[in-house]
Amino acid sequence: MAPPSRRHLLQIEGMDRPEIGALLDLAESYVLLNRTGKTPRDLLRGRTLINLFFEDSTRTRTSFELAGKRLGADVLNMSVSTSSVNKGETLLDTAATLNAMHCDLLVVRHDQSGAPHLLAQKVEASVVNAGDGTHEHPTQALLDALTIRRRRGRIEGLTVAICGDVMHSRVARSNIHLLLAMGASVRVVGPPTLLPSAVERLGVEVFHDMASGLAGVDVVMMLRLQKERMAKGLVPSAREFFRFFGLDKAKLAAAAPHALVMHPGPMNRGVEIASDVADDPLRSVIREQVEMGVAMRMAVLDRLTRAALANA
Ligand code: NCD
C-alpha cells in the first residue's frame, strides 16, 4: 500500500516495489471495469480535476480527462503557453488562482524539470506530474509496467532495452527507476550523443548499437527523437538515425522471439520505428499502452483521492 501521507505523484524515483505493485494491482481492476463499462462514477463525485498543460499532449491529457470523468470528477482543461511570460512568476500566480478555485487534483505538464514539484509546495490540491522537462513522466512508466505485466505475467527477471533519445526523455528516466525497482534488467541503446553522461550509474547497461543492445531482450521500448529539446547537431539526419537506430524487422530479429515492442507516442514513423513493426499485431503493444493509460490514471486518481481523504 502507498504511504497514506503521499498526497502527490511527482516521480517514480523513491517509490518502492510494494507501492508500485499496489498501483498496478489497482489499475488491473480498472482495466476490467473499463472493458465492461462498469466504472464506479462516484469516487470523485464533487471533486474538481484540472489538467494544466504548459506543453502539447494528446494521449496524456485525454486519458487523464477520461479517467477523471469515468470516476465522476468535474474536469477542466487549461492549456497555457509559456512562450512570452516569466515562468516562475506564472507558476506561482497560477498556484494562487488554483487555490482560490478549490481544485482537488492538479495534473501538470511543463517544459521545465521540477515545475510540478514547485506547484505541489504551493497548491492545496494533489499534484500529478504529467511530464516535466527531461525529468520524469511517472504515469507513463506505470502504464508501461502494467502493459508489460499483463503480457508477460511479471516484470522481475525480464530484460528491457530502452532505445534512442534517452538523453531528452522523461519517459526513459521514469521507466529506468520503475523497472529497476521491480527487479528487471535495463539496457539503454543509442548513439553516445543521445545518452546522458554516466547513465550507467543509474544501474543500466549501455549499448551503442542495436544488434548487441537488443540481443535476447524481452521488451524493446522505443523513444521519440525529442527534437524540441535537442541542441543542433546531435543527430546527423533522420535518415541516418533510422538506418542505425530505427527499429525495423531486421534489427528486431536480434531480440527474443516473443519480445514486445513499445512506444509511448507520438511516433515518428520511419525515424525511430518502421511502420510495419509499429503496426504488427503480433509484436507491437503500442495501442494497448494507450488503453492501459486510462486504467492506470484512474488508479492514480483513486489512490491520491483516498490518501487526501485519509489525511483530511
Ligand atoms: C511522451 C512525453 O510527452 O514525454 N509522450 C507521452 O506522454 N505519451 C513522450 C514524447 O513526447 O515523446
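Before reading further, recall that the structure is shown in the block above.
Everything in this summary refers to the structure shown in the same document.

Thresholds applied
Residues numbered from 1 in each chain as written. Predicted model: local features only at pLDDT ≥ 70, side-chain atom pairs only at ≥ 80, totals over all residues. Heavy atoms only, no water. 1 Å grid on protein atoms, 1.4 Å probe; cavity = no way out; pocket = protein on both sides within 12 Å on 5 of 7 lines; lining within 4 Å. Points joined across faces, edges and corners; volume = space filled by probe spheres on them. Helix = DSSP H or I, 4+ residues; strand = E, 2+ residues; numbered from the N terminus. Pairing = 2+ DSSP bridges. Axes fitted to C-alpha atoms, helices over the stretch in contact; angles between N-to-C directions. Contact = heavy atoms within 4.5 Å.

**A closer look at empty space enclosed by the protein**
Tallied over the entire structure, the rule returns 1 cavity of 30 Å³ or more. By volume, the largest cavity amounts to about 80 Å³. R6, L9, L23, R303 and L304 are the residues nearest the centre of the largest cavity, which is lined by 10 residues in total. Counting only elements with at least two residues in the lining of the largest cavity, the list comes to α1 (17–36) and α11 (286–311).

**Description of the sheet that holds strand β4 (residues 126–132)**
Taken in spatial order, the 4 strands line up as β2-β1-β3-β4 in an open sheet, and their pairing is parallel. The open sheet has two edge strands with one neighbour each: β2 (74–79) and β4. Across the sheet, the mean angle from the axis of one strand to that of its neighbour is 15°, orientation sign disregarded. Two elements, strand β3 (residues 105–110) and β4, share 5 bridges in a ladder whose sense is parallel. Looking at β4, one finds that V107 is bridged to V128. Taken strand by strand, helix α2 (residues 59–70) contacts β1 (48–53), β2, β3 and β4, and its axis lies near 175° from that of β1.

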